[in-house]
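Here's the letter readout for the chains.
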Amino acid sequence: MDGTREYGMRKVSSHCSIPDADDFDLSRLLDRPRLNTERQRSFDERSLSELSIGLSRVGVDHPEHTYSPGGRSGFDTPTSSARNSFEPHPMVAEAWDALRRSLVYFRGQPVGTIAAYDHASEEVLNYDQVFVRDFVPSALAFLMNGEPEIVKNFLLKTLQLQGWEKRIDRFKLGEGAMPASFKVLHDEARKTDTIVADFGESAIGRVAPVDSGFWWIILLRAYTKSTGDVTLAEKPECQKGMRLILSLCLSEGFDTFPTLLCADGCSMIDRRMGIYGYPIEIQSLFFMALRSALAMLKPDAEGKEFIERIVKRLHALSFHMRSYFWLDFQQLNDIYRYKTEEYSHTAVNKFNVIPDSIPEWVFDFMPTRGGYFIGNVSPARMDFRWFVLGNCVAILSSLATPEQSMAIMDLIEARWEELVGEMPLKICYPAIENHEWRIVTGCDPKNTRWSYHNGGSWPVLLWLLTAACIKTGRPQIARRAIDLAESRMLKDGWPEYYDGKLGRYVGKQARKFQTWSIAGYLVAKMMLEDPSHLGMISLEEDKQMKPMIKRSSSWTC
């Protein structure tokens, strides 16, 4: 690899931005002009007056606080509080110090953050590596703090790694696959740095990540929205990188569904947890990456074909997810009354779900008002578990309709003890246990009930919840969750995850000073301070997608 690449920020004569997604008229997309030159926010600033947490209205009550691309958030040190409308929590300065200690350098340039900085742990494993999914909250924190260089370096370096030939046991992976992680090796004697990437060949379970490519596209859009610098996304290598990722997931085959078929362990839940098939996390990220790529791909000879394929896939994917993955009180009652063995296009029970397969817990869990996207849908099987990442990304990407987004927030409020408890935030609910746990996880001792991926509480998810809360006009929910985190996280040493039905105990094997726990907290705090930051990670509803479900049926009660 060429280590002499110049990563410094290039100055641009004017601030440009990716147009907000609600500008997209998919029926006329191919004829629309390139990226416009006016920065737009992705949510209505009038909603700031509705924030009930005592925040100053950005650029209204305090014009000197008006957000500008690349502007510092004021959360770097406690001394910056004079610029803020409220005194920052003492944890903020500690979090920034910890985040900066996690920085990884390649030939003098910062290229990412390691997964955890736990000196007490005897086993390093791969926690000293830079993970693509783990770096996203770190990247957002740096972008919100006016430090985009490290994000640009990371995007370019992982793009170089994508170009490597990827072989596992004599089998070649798809050309567009992004690494799960990479490690920088420093040779002090020779004064050289080298990179070793993991595309799944070293991972536990040997599963390649599907989400890395999606997070890379989403982060590229976030960088562009934050800085106003479109030159990075328009680079030929970035355009090619997006096309390679898209070619992997838009390829046609035997599947009759527009959702993406995946193996177990290919996402944040990177161990066997029964999420194989069409997990909600991957489908939400897939949807968001498609919409992000749609905003950045050039409509040239190579890009135009992908734009056409994306438009068609988005229509099919949104219809499928909103129709078949959505569950609320009325839909649950309908499934409960399903007839089976139906044939032809007139079938109501299209997936031949046996009503007796509905787990008992879901009947008590489902409130009268509220709903959520279930974990998975496949022939004769519906995974009714709640997965927070997939549902929050569904809100941020507008895969969820506005009514469905509000219903998801209603569910979180109604089932606060189950989904949040004493430490935000449950990665999934409920935990699987006993004989089912043995079958589904393969007796995985790390994924015992209410631990790790099996119902454990992950502080990193705080930033996704906060973003979803701001977008839906419910910031008080985020404030309540952040207060819980601030009561424990620092004194507990920024754990990777918490155990127990309420998240009361530091995880049995949780690493301390977990970088994305730290960064997730910072991002949540900065978004509450300046809600306009939401624009870099949120997409507005596409009016042209005409969802089948105009209103959540839970709202008719």
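Residues numbered from 1 in each chain as written. Predicted model: local features only at pLDDT ≥ 70, side-chain atom pairs only at ≥ 80, totals over all residues. Heavy atoms only, no water.

Counting its secondary structure elements, the protein chain contains 17 helices and 13 strands. Of all 557 residues assigned to the protein chain, the portion counted as buried reaches 61%. Across the protein chain, every contact between residues at least 6 apart in sequence was considered, and the portion connecting residues at least 24 apart equals 72%. Counting only carbon and sulfur atoms, one obtains 51% of the accessible surface of the protein chain, whose full area is about 22,900 Å². (Helix = DSSP H or I, 4+ residues; strand = E, 2+ residues; numbered from the N terminus. Buried < 20%, exposed > 50% of the residue type's maximum accessible area, 1.4 Å probe, protein only. Contact = heavy atoms within 4.5 Å. Areas by Shrake-Rupley, 256 points an atom, 1.4 Å probe, with all protein chains shown as cover.)

What the 4 strands build is an open sheet, ordered β8-β9-β10-β11; its pairing is antiparallel. Strands at the two margins of the open sheet, each flanked by one partner only, are β8 (326-328) and β11 (428-429). Of the strands in this sheet, β8 and β10 (381-387) touch helix α9 (residues 329-336), which is tilted by about 100° from β8. Against the sheet, helix α12 (residues 402-414) makes contact with β8, β9 (371-378) and β10, and its axis sits at roughly 100° relative to β9, the strand it touches most. (Pairing = 2+ DSSP bridges. Axes fitted to C-alpha atoms, helices over the stretch in contact; angles between N-to-C directions.)

So, about the environment of Asn 153. One can find Asn 153 in helix α3 (residues 149-162). Spatially, the C-alpha atom of Asn 153 lies 10.0 Å from that of Tyr 105, the residues being 48 residues apart in sequence.

Considering every residue of the protein chain, the mean pLDDT works out to 85; 82% of them sit at 70 or more. Counted against residues more than four places away or in other chains, residues 1-85, with its pLDDT under 50, gives 196 contacts. A low-confidence stretch, residues 547-557 stays under pLDDT 50, and its non-local contacts, those more than four residues away or across chains, total 31 contacts. (pLDDT = per-residue confidence, 0-100.)

Glancing now at the packing of helix α11 (residues 388-397) against helix α15 (residues 462-471). Axis separation between α11 and α15 bottoms out at 9 Å; the angle between their running directions is 40°. The crossing of α11 and α15 is left-handed. Judged by residue contacts, Leu 389, Cys 392, Val 393, Ile 395, Leu 396 and Ser 397 of α11 engage Leu 464, Leu 465, Ala 467, Ala 468 and Lys 471 from α15. The residue makeup of the contact of α11 with α15, split by class, is 9 nonpolar, 1 polar and 1 charged. (Left-handed = near helix turned anticlockwise from the far one by under 90°. Nonpolar A, V, L, I, M, F, W, Y, C, P; charged D, E, K, R; others polar.)

What follows is about the sheet that holds strand β6 (residues 181-187). Through backbone hydrogen bonds, the strands of a sheet pair up, either in parallel or in antiparallel fashion. One open sheet holds the 3 strands; their spatial order is β3-β6-β7, and the pairing between them is antiparallel. Sheet topology places β3 (130-131) and β7 (192-198) at the edges, where each strand pairs with a single neighbour. Direction of pairing for β3 relative to β6: antiparallel, over a ladder of 2 bridges. When the bridges of β6 are listed, Phe 131 appears paired with Ser 181.

The subject of this paragraph is the packing of α3 against helix α4 (residues 211-227). Contact geometry for α3 and α4: axes closest at 10 Å, N-to-C directions at 145°. Taken as a pair, α3 and α4 cross one another with a handedness that is left-handed. Of α4, the residues touching α3 (which contributes Val 151, Lys 152, Phe 154, Leu 155, Thr 158 and Leu 159) are Trp 216, Leu 219, Leu 220 and Tyr 223. Looking at the contact of α3 with α4 residue by residue, the classes come out as 8 nonpolar, 1 polar and 1 charged.

So, on to the packing of aromatic side chains. Taken as a whole and judged by the stated rule, the model has 21 aromatic pairs. Each ring, one from Tyr 372 and one from Trp 386, has its centre 6.0 Å from the other, and the planes form 65°; the classification is edge-to-face. Of this pair, Tyr 372 sits in strand β9 while Trp 386 sits in strand β10, placing them 14 residues apart in sequence. Grouping residues by exposure puts Tyr 372 and Trp 386 together as buried. Aromatic ring contacts, followed pair by pair, group Trp 361, Phe 365, Tyr 372, Trp 386, Tyr 429 and Trp 450 into a single cluster. A cation over an aromatic ring shows up here: Lys 446 above the ring of Tyr 452, its NZ or CZ 4.3 Å from the ring centre. Against the face of Trp 416 rests Arg 480, its NZ or CZ located 4.1 Å from the ring centre. (Phe/Tyr/Trp six-rings, centres within 6.5 Å; stacked < 30°, edge-to-face > 60°. Lys NZ or Arg CZ within 6 Å of the ring centre and 35° of its normal.)

As a general feature of sheets, a regular strand has side chains that alternate between the two faces. Bridge count between β6 and β7: 7 bridges; the pairing is antiparallel. Residue pairing for β7: Asp 187 is matched across the bridge by Thr 192. Taking the residues that link successive antiparallel strands as the turn, the β6-β7 hairpin has 4 residues, and the phi of Lys 191 there is positive, at about 55°.

Taken across its 10 residues, α15 has 10 buried, putting it largely inside the fold. For α15, the set of buried residues is Leu 462, Trp 463, Leu 464, Leu 465, Thr 466, Ala 467, Ala 468, Cys 469, Ile 470 and Lys 471. Looking at the buried residues of α15, the elements they touch are α2 (132-144), α4, α11, α12, α16 (475-486) and α17 (515-529). Downstream of α15 by a residue or two, Gly 473 has a phi angle that is positive, lying close to 70°.

Turning our eyes to something else, we now look at unusual backbone geometry. Of note, the amide linkage connecting Pro 424 to Leu 425 takes the cis form, showing an omega dihedral of 20°. Topologically, Leu 425 is positioned in the loop between α13 (416-419) and β11. Across the junction of Tyr 429 and Pro 430, the peptide omega takes the value -5°, indicating a cis bond. For Pro 430, the location among the structural elements is in the loop between β11 and α14 (434-441). Even without being glycine, Arg 206 reaches a positive phi, approximately 55°. Looking at the secondary structure, you find Arg 206 in the loop between β7 and α4.

Looking now at the side chain of Glu 147. Along the chain, the position of Glu 147 falls in the loop between α2 and α3. In this structure Glu 147 comes out as buried when scored by relative accessible area, which is 19%. Among the polar contacts listed, one links the side chain of Glu 147 to the side chain of Arg 100, at a separation of 2.8 Å. (Polar contact = N/O pair within 3.5 Å; in protein donor to acceptor, adjacent residues only side chain to side chain.)

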